[in-house]
Amino acid sequence: MDFYKHLNYSLGNEDWCVEAQALRVNSGDRAVCVTASGDRPLHLLMTDCAEVISIDMNHAQNYLFDLKMAAIATLDYEQYLAFMGCTPSPHRYAIYKNTIAPQLSSEAAAFWASRKTMLARGVVYQGRVERLTNVIAKLLHVFRGAKIKKLLTFDDIEAQRHFVKTEWDTKALRKAFELIIHPSFSKHILQDPGLNSYVEFANKPGLYIYHRMLNCLNTHLAKKSALLQLVFTGKVLPDAYFPYLTLDGYTKIRRSTGRVNVVRGNIVEYLTKSEPNQFDCFSMSDIASYMPQAIFEALLRGIHNAAKPNARFCIREFISKRSIPREWQAIYKRDPLLEKKLEQEEKNFVYRFIVGDIQK
Ligand SMILES: C[S@@+](CC[C@H](N)C(=O)[O-])C[C@H]1O[C@@H](n2cnc3c(N)ncnc32)[C@H](O)[C@@H]1O
């Protein structure tokens, strides 16, 4: 599938503060995660875990992670933000050529050598999802630029709730969500299995996501939600920077670059073939929304094989509807209260959670 050849994600859209509550990483733990935009392995490297195995079957995502790691290892914080594209810089490609490229594997360097424009523009907004949200944000700005600007000024949730109720929540915006996220339309603007292939949780996925957005705006300040800012402005404000883009995150990751191993391949196969009882934490992003139920069950068998007793898992879902078969429910001890809490606390408002411990 062509999807697994492109750089699809570059910024991230999952709240680490939420993920950390599910994974409860201890000093010395071994963790497995999905690479995607690299936020998961970078955030795991901010903990005291002993090792992170980061897997993606799309090598573009793994090369992005290599690039982010090399930038953190070789640039000071301000240069790092500028190189990533968070702050302005006319020298990104020169920085890449002189400082970062020598740190990369020949495969990763070959990959980036043919993507000069992406590097010059700043890779953090160059994933296909981030480029699409940039186009959507420009369109939405034409129709509700003043409202978007106002929404991002609120420091008081009560005032924001009133604004959302009286000015933000309109039939026109609702219809826009229904249209853009309807699979028969979305497949023409972004072929992404998570968006168009496994649309099982809601008959009207656009309306479902719209209401998740309203719920998020009644719970969290818009200026703290990276996903909301990405959709409505195409950029993320420092207040909503993911930890790997903060000075604290950069500093912690810079001390731990030797603790990660990147694997290109299918995570289901990797975990199924793994030696038993190897890992303490499983950060699976929303790959459950990228596979049918049968493959999801193979993923569950793989995690069970590779997991140590009491290992923690965090599995997200977008608009798919996966279930843990009855015969596995005693082994996958879910925490429904925590799942609800995380769903409410996640500021990137599109996820549901399957979290808990592995009983072995
Ligand atoms: C939905 S994305 C995660 C996006 C995430 N929210 C982000 O922004 O980082 C899922 C990622 O998992 C990868 N993926 C999906 N199924 C996989 C599998 N079976 N094995 C390995 N990687 C997989 C895709 O290539 C993609 O990079």
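Look up a bit, the structure's there.
Described below are features of the structure shown in this document. (Residues numbered from 1 in each chain as written. Predicted model: local features only at pLDDT ≥ 70, side-chain atom pairs only at ≥ 80, totals over all residues. Heavy atoms only, no water.)

## Observations regarding the layout of surface pockets
Looking at the second largest pocket, its volume works out to about 290 Å³. For the second largest pocket, the lining is made up of 15 residues, of which Leu139, Leu140, Phe143, Ala176 and Ile180 are closest to its centre. Mapped onto the lining of the second largest pocket, the elements with two or more residues apiece are helix H8 (128-151), helix H10 (171-180) and helix H11 (183-189). Per element, the largest residue contribution to the lining of the second largest pocket is 7 residues, and it comes from H8. Split by residue class, the lining of the second largest pocket holds 13 nonpolar, 1 polar and 1 charged. (1 Å grid on protein atoms, 1.4 Å probe; cavity = no way out; pocket = protein on both sides within 12 Å on 5 of 7 lines; lining within 4 Å. Points joined across faces, edges and corners; volume = space filled by probe spheres on them. Helix = DSSP H or I, 4+ residues; strand = E, 2+ residues; numbered from the N terminus. Nonpolar A, V, L, I, M, F, W, Y, C, P; charged D, E, K, R; others polar.)

## Quick word on the sheet that holds strand S7 (residues 352-358)
Note: strands within a sheet are paired through backbone hydrogen bonds, in either parallel or antiparallel orientation. In space, the 7 strands of this open sheet follow the order S3-S2-S1-S4-S5-S7-S6, with mixed pairing throughout. Unpaired on one side and paired on the other, strand S3 (260-264) and strand S6 (332-334) mark the two borders of the sheet. Across the sheet, the mean angle separating the axes of adjacent strands is 20° when strand polarity is ignored. Sitting on the sheet, helix H1 (residues 16-23) is in contact with strand S4 (279-283), strand S5 (307-317) and S7, with an inclination near 150° to S5. (Pairing = 2+ DSSP bridges. Axes fitted to C-alpha atoms, helices over the stretch in contact; angles between N-to-C directions. Contact = heavy atoms within 4.5 Å.)

## Re the packing of aromatic side chains
Taken as a whole and assessed by the stated rule, the structure comprises 18 aromatic pairs. The interplanar angle of 45° and the centroid separation of 5.2 Å between the aromatic rings of tyrosine 63 and phenylalanine 111 together place this pair among those described as tilted. Of the two residues, tyrosine 63 sits in helix H3 (residues 59-74) while phenylalanine 111 sits in helix H6 (residues 106-113), which places them 48 residues apart along the sequence. Grouping residues by exposure puts tyrosine 63 and phenylalanine 111 together as buried. Pairing phenylalanine 163 with tryptophan 168 gives two aromatic rings, centres 6.4 Å apart and planes at 45°, and the pair type is tilted. When sorted by exposure, phenylalanine 163 lands in the same class as tryptophan 168, which is buried. Site record: aromatic cluster; members linked through ring pairs are Phe154, Phe163, Trp168, Phe177, Tyr210 and Phe232. The aromatic ring of tyrosine 351 is capped on one face by arginine 316, whose charged end is 4.9 Å from the ring centroid. The lysine or arginine in question, arginine 352, covers the ring of phenylalanine 201, its NZ or CZ lying 3.6 Å from the ring centre. (Phe/Tyr/Trp six-rings, centres within 6.5 Å; stacked < 30°, edge-to-face > 60°. Buried < 20%, exposed > 50% of the residue type's maximum accessible area, 1.4 Å probe, protein only. Lys NZ or Arg CZ within 6 Å of the ring centre and 35° of its normal.)

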